[in-house]
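# Structure assessment
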Amino acid sequence: MSTRGAIGMRQPDGTIRAVYVHHDAYVAGVGAILGGWYETPELVKGLLDLGDLSSLGTTLEDTVAYHRDRGEDMRIARNYRDIDAYRRNGRRDLGADYLYLFDGGRWLTYGIPNEPDWVEIKVEK
């Protein structure tokens, strides 16, 4: 059984662009990797440009993308009108247990049990 997630990024116009990630999307897995290694908009854009992901690595090269690495059809990032639409619909649309959002240089997550709102991810280095 996999813990599935979605990785999103707020765009300059306020929309959210997001892809699916299949494996280890719990906060101590995907959340920690995002917070510790994907700290710039360029790196996050690189992830989104890969399309849906099987697993997230600490580099773009170590990340397993369905299209690039498995030869499957490209499943491009989905777009949401705003952060509220992503929160309301992203889990259902992408079959995600957790949502992640890169927003203004920080990572947020949604879907932690007993947490009704977004929570900032902070990784100690």
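Refer to the structure presented above.
The residue count restarts for each chain, going from 1 along the sequence in the order it is written. The predicted nature of this model means local features are confined to residues of pLDDT at least 70 and side-chain atom pairs, given and counted, to a pLDDT of 80 or more, with totals for whole chains, interfaces and linings taken over all residues. No hydrogens and no water enter the side-chain calculation; it runs on all heavy atoms of the structure.

Let us look at the environment of Pro41. Counting from the N terminus, the helices are the DSSP runs of H or I reaching at least four residues and the strands are the DSSP runs of E reaching at least two. You can see Pro41 is positioned in helix H2 (residues 41–49). Here the alpha-carbon distance between Pro41 and Val123, two residues 82 residues apart in the chain, equals 17 Å.

A separate point is the nonpolar core. Within the largest apolar cluster, 22 residues are counted, with the highest numbers of intra-cluster contacts made by Ile7, Val30, Leu34, Tyr38, Leu53, Leu56 and Trp107. Of all elements in the fold, only strand S1 (5–10), strand S2 (16–21), helix H1 (27–37), H2 and strand S6 (98–103) reach the threshold of two or more residues within this core. What Leu53 contacts, discounting residues up to four positions off in sequence, is Ile7, Val19, Tyr20, Val21, His22, Leu47, Thr63, Val64, Ala65 and Tyr66. Ala18, Tyr20, Ala96 and Leu108 belong to the second largest nonpolar core, which has 16 residues in total. Within this scheme, the nonpolar core is defined by two criteria: the residues are buried Ala, Val, Leu, Ile, Met, Phe, Trp, Tyr or Cys, and they are joined through side-chain atoms within 4.5 Å. Type-normalised accessible area, obtained with a 1.4 Å probe on protein chains alone, sets the label of each residue: buried when under 20%, exposed when over 50%, and partly exposed for intermediate values. Contacts were defined at the residue level, with two residues in contact if any of their heavy atoms lie within 4.5 Å.

Let's shift gears to the packing of aromatic side chains. Only centres within 6.5 Å qualify two rings of Phe, Tyr or Trp (six-membered ring in Trp) as a pair; their planes then separate them into stacked at under 30 degrees, edge-to-face at over 60, and tilted for everything else. Taken as a whole and assessed by the stated rule, the structure comprises 4 aromatic pairs. Taking 5.9 Å as the distance between ring centres and 25 degrees as the angle between the ring planes, the aromatic pair formed by Tyr86 and Trp118 counts as stacked. Taken together, the positions of Tyr86 in helix H4 (residues 83–94) and Trp118 in the loop between strand S7 (106–110) and strand S8 (119–121) put the pair 32 residues apart, joining distant regions of the chain. Each member of the pair, Tyr86 together with Trp118, is buried. Put simply, the rings of Tyr80, Tyr86, Tyr110 and Trp118 touch in pairs and so form one group of aromatic residues. Two conditions define a charge located above a ring, namely a distance within 6 Å from the ring centre to NZ of Lys or CZ of Arg, and an angle within 35 degrees of the ring normal. The side chain of Arg75 reaches across the aromatic face of Tyr66, ending 4.3 Å from its centre.

It is worth spelling out the pairing of S7 at this point. Extensive coverage of S7 is indicated by the burial of 4 of its 5 residues. A pair of strands is treated as paired once DSSP finds two or more bridges between them. Where S6 lies against S7, 5 bridges are found, and the strand directions are antiparallel. Looking across to S7, one finds that Phe102 is bridged to Trp107. With antiparallel pairing between neighbouring strands as the criterion, S6 and S7 make up a hairpin whose turn holds 2 residues, including Gly104 at a positive phi of roughly 60 degrees.

As a further point, take the pairing of S1. Along S1, 5 of the 6 residues are buried, which leaves the element largely enclosed by surrounding structure. Judged from the 6 bridges that link them, S1 and S2 form a sheet pairing that is antiparallel. Directly across from Ile7, in S2, lies its bridge partner Val19. Taking the residues between adjacent antiparallel strands as the criterion, S1 and S2 are bridged by 5 residues, where Gly14 takes a positive phi near 95 degrees. Of the strand pairs in this sheet, S1 and S6 are connected by 5 bridges, and their pairing is parallel. What sits directly across from Gly8, in S6, is Leu101.

Attention shifts here to the pattern of salt bridges. Proximity of charged atoms lets side chains of opposite charge pair with each other. By definition here, a salt bridge exists when the distance from a side-chain nitrogen of Lys or Arg to a carboxyl oxygen of Asp or Glu is within 4 Å. Per the stated rule, a full pass over the model turns up 9 salt bridges. A salt bridge links Glu72 to Arg75; the nearest nitrogen and oxygen atoms lie 2.7 Å apart. Taking relative accessible area as the criterion, Glu72 reaches 32% and is therefore assigned partly exposed. Across the pair Arg92 and Asp93 runs a salt bridge, and its minimum N-O distance is 3.2 Å. Among the residues examined, Arg92 registers a relative accessible area of 61% and is labelled exposed. The exposure class assigned to Asp93 is partly exposed, which follows from its relative accessible area of 41%.

Honestly, that's just the spatial picture; any functional story needs more than this.
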